Amino acid sequence: MTQRVYLVILLLSLGLMCPPVTGIFMDKLASKKLCADDDCVYTISLARAEEDYNAPDCRFINIKKGQLIYVYSKLVKEKDSGEFWAGSVYGEEYKDHMGTVGYFPSSLVSEQHVYQEANKTVPTTDIDFFCE
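Residues numbered from 1 in each chain as written. Predicted model: local features only at pLDDT ≥ 70, side-chain atom pairs only at ≥ 80, totals over all residues. Heavy atoms only, no water.

## Points about the overall build of the protein chain
Scanning the protein chain for helices and strands turns up 1 helix and 9 strands. Beginning at the N terminus, the succession of helices and strands in the protein chain can be written as α-β-β-β-β-β-β-β-β-β. Looking at the protein chain as a whole, 34% of its 132 residues qualify as buried. For the protein chain, the share of sequence-separated contacts (at least 6 apart) that also reach a separation of at least 24 residues comes to 67%. For the protein chain, the computed accessible surface area is about 8,900 Å², with 54% contributed by carbon and sulfur atoms. (Helix = DSSP H or I, 4+ residues; strand = E, 2+ residues; numbered from the N terminus. Buried < 20%, exposed > 50% of the residue type's maximum accessible area, 1.4 Å probe, protein only. Contact = heavy atoms within 4.5 Å. Areas by Shrake-Rupley, 256 points an atom, 1.4 Å probe, with all protein chains shown as cover.)

Structure below.
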């Protein structure tokens, strides 16, 4: 009996310390991406938004004209799909959105500085299109 009580208390404690993650896996935008490294963690380039873009869903980020964006990967264009890059916004005036990584159309930005060539082709995974 006491073992059951301890087990219940332990399970409840673990549940409070590790809250469940909720989210949804969205449709993939591409099956491959170009990155600077095998894990797609290094910055490829710094781009400047040429136009505003309002994200249609949680896979994407909003960008404003003139905003700087760190680019981490470039999706390999597939038939009937747009060409999207993954990145995060940069700048003190956008601190509420800094660190949020999402996709945006590559046609709306111009690369300002290339840090590393995106010469590694990596398969995309479901987590690349996961929304919390």
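## Some remarks on the environment of Lys64
The residue Lys64 is located in the loop between strand S3 (45-49) and strand S4 (68-75) in this model. Since its relative accessible area comes to 39%, Lys64 is described here as partly exposed. For the pair Lys64 and Glu51, spaced 13 residues apart in the sequence, the C-alpha separation amounts to 6.4 Å.

## Observations regarding the pattern of salt bridges
Within this structure, the stated rule accounts for 3 salt bridges. Two residues, Asp128 and Lys33, come together in a salt bridge whose shortest N-O distance is 2.9 Å. Of this pair, Asp128 sits in the loop between strand S8 (120-123) and strand S9 (130-131) while Lys33 is found in strand S2 (residues 32-35), placing the two residues 95 residues apart along the sequence. With a relative accessible area of 9%, Lys33 lands in the buried category. With its nearest N and O atoms 3.1 Å apart, the salt bridge here joins Lys74 to Glu111. Separated by 37 residues along the polypeptide, Lys74 in strand S4 and Glu111 in strand S7 (residues 109-114) bring together distant segments of the chain. (Salt bridge = Lys/Arg side-chain N within 4 Å of Asp/Glu carboxyl O.)

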